[in-house]
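The primary structure of each chain is shown beneath.
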Amino acid sequence: MSGPISRPSVVRLGFIPLLDCAVLAVAHAQGFFIEEGLSVELRPEPSWANIRDKLSAGLIDGAHALAPLVLASRLGLGAPAADLIAPMALNRGGAAITLSTALQAAIAGAPGGLKAVAAARPVGQPVTFGVVFPFSLHSHLLRHWLKGQGVEAGQDVRVIVAPPPQMAARLIAGELDGISVGAPWNRAAIEAGAGVEAATAAQTLPRAIDKVFAVRSDWAQANPQVLHALLRAMIRAARWADAPDHRQALAALLAGPAYLGQPQALIIRALELDGVSFTVGKADWHSAQRLLTEMIDAHQVVASDAATRSADAMMRPDLYAQAYANLDMA
Amino acid sequence: MRVLVVDPDPTRAALVVAGLGDIDPLEVRSVLTFDEAQGDFAGFAPDVIIIACDSPDRDTLENLRVANVHNPRPVVMFVDRSTPGLAEAAIGAGVAAYVVDGLAPKRVRPVLDVAMSRFEVMQQLRADLAKAQADLAARKSIDRAKGLLMRERKLDEETAYNLLRKLAMDSGRPIGAVADDLVAYAEVLKGKRI
């Protein structure tokens, strides 16, 4: 890496403790960032709203982010509009819906399925699903699944938002009847004997991108070399993370208190069984248009030329390709 | 106007609540977690929610609708578009404001201003306290290192201190850190460690 030393001393990155923060965690812990000449500060954030707002306000430089959240920010949904871009995808798969064993049994025993079960609930105690964020693959997955059951979210059943690490616990405690969340939290609920898998993003939305690496467009323009180096490190990290030989080491890293703080065995089974892949890197405009279509379908945004153009400019496969081309994959 | 303060830090929340007491007419409640407020959220029906950015409940708020059967109104992040940079400043201070959709910005602004100033005061207090503790720890280390040098090298106190200061300047590190190292190495040499 030659060139003028226009790099800021420290690059500040944020993440949410989930299996799919692996690319950032590996790039940091395995020294890929350092090898690319970067000094990175990687910190967990307590909420997606914080990730969005800190990124928009310039308090962090880049982040692990829900792909639909990046598009929502571009469109000014839920917060002031921010010109965020996603030069790299971080994972596919891992998101799933888990039903409580009680709800699963009730549905199996009711000829009218979930709709009948929901209708039979007393007033004030609706069947309640938890989802991680309004603008997320998980909310689209849940919407599709509910539709397939002939059920309308917000009418027949209640949908609330809760942070991923709380989901399994709240399903186990009986506060939630179903959850749509990323790995490893579905498996945590299933292994506790509290839940049954009902659908996975890997099957329902196989091409959908779950998380992306997001930065502000103006930051990317001002720091092209830093971004280039970040992408190179993360492309290498994604390869490392997907290699079966590294599964134990990856699980040990993610299980640690700096990331998930969960049993290593649970992380290993989530890696083996939940269909997560990290080497999905390049995200093109098709994937952004699919996100927009989902959001229009969910009545989160109205279709317009402006929205289409905004989605077109969200993914930056050009930046990814530059970093990838420049990489010696020895 | 009813204000709900959600903050996992009760000391900071108390500071915000006290500050808001000057704004009239206002009814203020504070909770550690949003869950705590869920039960009587409908009863209290806040117009403004001030939430600490380190609370994990922000995402829950983002999707909330005020439980009103006839007209459920969304809770939205408060953005005063007439003041550029305000949203950034609030996030920088570690606080976010949410309002029930439709509330006039000029009524919300003083509430957010108070919250931001109290959060900043608290941040400053915490930073000062951390610095005071670090200074105290450094002074203890320096005293130990000085004593060590005085004993082992038969130096007087001032010369011992000057030697430490030179070591710190030469290595470009804080004098407290250099003193810590010196004491630690001396213990290794004496066989007290490892």
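Residues numbered from 1 in each chain as written. Chains lettered and ligands numbered in written order. Predicted model: local features only at pLDDT ≥ 70, side-chain atom pairs only at ≥ 80, totals over all residues.

A.B. asks: Quick question: what am I supposed to make of helix H14 (residues 264-273) of chain A here?
C.D. replies: Given 3.6 residues per turn, any residue in an α-helix points the same way as the ones three and four places further on. Residues and elements named next belong to chain A. Residues of H14 that are buried: Ile267, Ala270 and Leu271. Seen from one end, H14 has its buried residues packed into an arc of 100 degrees, which puts them on one side. In this fold, the buried residues of H14 make contact with helix H9 (185-191) and helix H13 (247-255). (Buried ≥ 20, exposed ≤ 12 C-beta atoms within 10 Å, placed from the backbone. Helix = DSSP H or I, 4+ residues; strand = E, 2+ residues; numbered from the N terminus. Arc of directions from axis to C-beta. Contact = placed C-beta atoms within 7 Å.)

A.B. asks: Mind showing me how you'd approach the pairing of strand S4 (residues 84-91) of chain A here?
C.D. replies: On a regular strand, one side chain projects to one face of the sheet and the next to the other, so that they alternate. Residue and element names in this part refer to chain A. A large share of S4 lies buried, amounting to 8 of its 8 residues. Judged from the 5 bridges that link them, S4 and strand S10 (residues 211-216) form a sheet pairing that is antiparallel. By the bridge assignment, Leu84 is partnered in S10 with Arg216. (Pairing = 2+ DSSP bridges.)

A.B. asks: Help me understand the confidence of the model for chain B, please; the structure alone is not making it clear to me.
C.D. replies: Reading fine detail from the predicted coordinates is not recommended where pLDDT is low. Per-residue pLDDT for chain B has a mean of 86; in total, 91% of the residues score no lower than 70. In the predicted complex, the global pTM is 0.85; the interface-specific ipTM is 0.84. (pLDDT = per-residue confidence, 0-100.)

A.B. asks: Quick question: what am I supposed to make of the domain arrangement of chain B here?
C.D. replies: Interface extent is often summarised as the accessible area lost during association of the parts. We note that the domain assignment places domain 1 (2-126) and domain 2 (128-189) within chain B. Summarising the inter-unit geometry, the C-alpha centres of domain 1 of chain B and domain 2 of chain B are found 47 Å apart. (Domains from an automatic or database assignment.)

A.B. asks: Sorry if this is basic, but what is going on with the confidence of the model for chain A here?
C.D. replies: All names here are of chain A. For chain A, the mean per-residue pLDDT works out to 92, and 97% of the residues sit at or above 70. Mean pLDDT across the secondary structure elements of chain A bottoms out at helix H10 (residues 201-204), with 90, and peaks at S10, with 98. Residue range residues 1-7 is modelled with pLDDT below 50. Its contacts to residues more than four positions away, or to other chains, number 7 contacts.

A.B. asks: How do you make sense of the sheet that holds S10(A) when you look at a structure like this?
C.D. replies: In a beta sheet, neighbouring strands are held together by backbone hydrogen bonds and run either parallel or antiparallel to one another. Residue and element names in this part refer to chain A. The strand order across the open sheet built from 5 strands is S2-S1-S3-S10-S4, with neighbouring strands paired in mixed fashion. The strands lining the two open edges of the sheet, one partner per strand, are strand S2 (40-44) and S4. Mean inter-strand twist for the sheet, computed between neighbouring axes without regard to direction, equals 30 degrees. In terms of strand pairing, strand S1 (residues 11-15) meets strand S3 (residues 62-66) through 2 bridges, oriented parallel. (Axes fitted to C-alpha atoms, helices over the stretch in contact; angles between N-to-C directions.)

A.B. asks: Is there a simple way to explain the interface of chain A and chain B in this structure?
C.D. replies: Between chain A and chain B, the contact holds 18 residues from the first and 16 residues from the second. Counting residues per element, the ones that place at least two in the side of chain A that touches chain B are helix H3 (48-57) and strand S7 (158-161) of chain A. At 6 residues, H3(A) tops the list of elements feeding residues into the side of chain A that touches chain B. Residue composition of the side of chain A that touches chain B, grouped by class: 13 nonpolar, 3 polar and 2 charged. (Nonpolar A, V, L, I, M, F, W, Y, C, P; charged D, E, K, R; others polar.)

A.B. asks: It is not clear to me how the domain arrangement of chain A should be interpreted in this structure. Could you clarify?
C.D. replies: Residues and elements named next belong to chain A. Looking at the assigned domains, one finds that chain A contains domain 1 (11-92 + 207-325) and domain 2 (96-204). Placing a centre on the C-alpha atoms of domain 1 and another on those of domain 2 gives a separation of 26 Å. Contact with domain 1, which involves 29 residues of that partner, is made by 21 residues of domain 2. Listing elements by their share of the side of domain 1 that touches domain 2, those giving two or more residues are helix H4 (67-74) and H14. Examining the composition of the side of domain 1 that touches domain 2, we find that 5 residues originate from one element, H14, more than from any other. Looking at the side of domain 1 that touches domain 2, its residues break down into 19 nonpolar, 5 polar and 5 charged.

A.B. asks: What should I look at first to understand H4(A) in this one?
C.D. replies: With 8 of 8 residues buried, H4(A) lies mostly within the body of the structure. Positive backbone phi, at 70 degrees, marks Gly76(A), one or two positions downstream of H4(A).

A.B. asks: How should unusual backbone geometry be read in this particular structure?
C.D. replies: It is generally the case that most residues other than glycine have a negative phi and that most peptide bonds are trans. For the peptide bond that leads from Ala183(A) to Pro184(A), omega is 5 degrees, which places it in the cis range. Mapping Pro184(A) onto the fold places it in the loop between strand S8 (178-181) and H9. Backbone geometry places His299(A), a non-glycine residue, at a positive phi of 60 degrees. Counting through the fold element by element, His299(A) comes out in the loop between helix H15 (285-297) and helix H16 (305-312). Exposure remark for His299(A): the 8 C-beta atoms within 10 Å place this residue in the exposed category. A positive phi angle is found at Lys154(B), which is not glycine, with a value near 55 degrees.

A.B. asks: Help me out: how do you make sense of the environment of Val6(B) in this one?
C.D. replies: Residues and elements named next belong to chain B. Summarising the element assignment, Val6 is placed in strand S1 (residues 2-6). Using a count of 26 C-beta atoms within 10 Å as the deciding quantity, one classes Val6 as buried. Residues in contact with Val6, not counting those within four places in the same chain, are Val31, Phe34, Ile49, Ile51, Ala52, Ser55 and Asp57.

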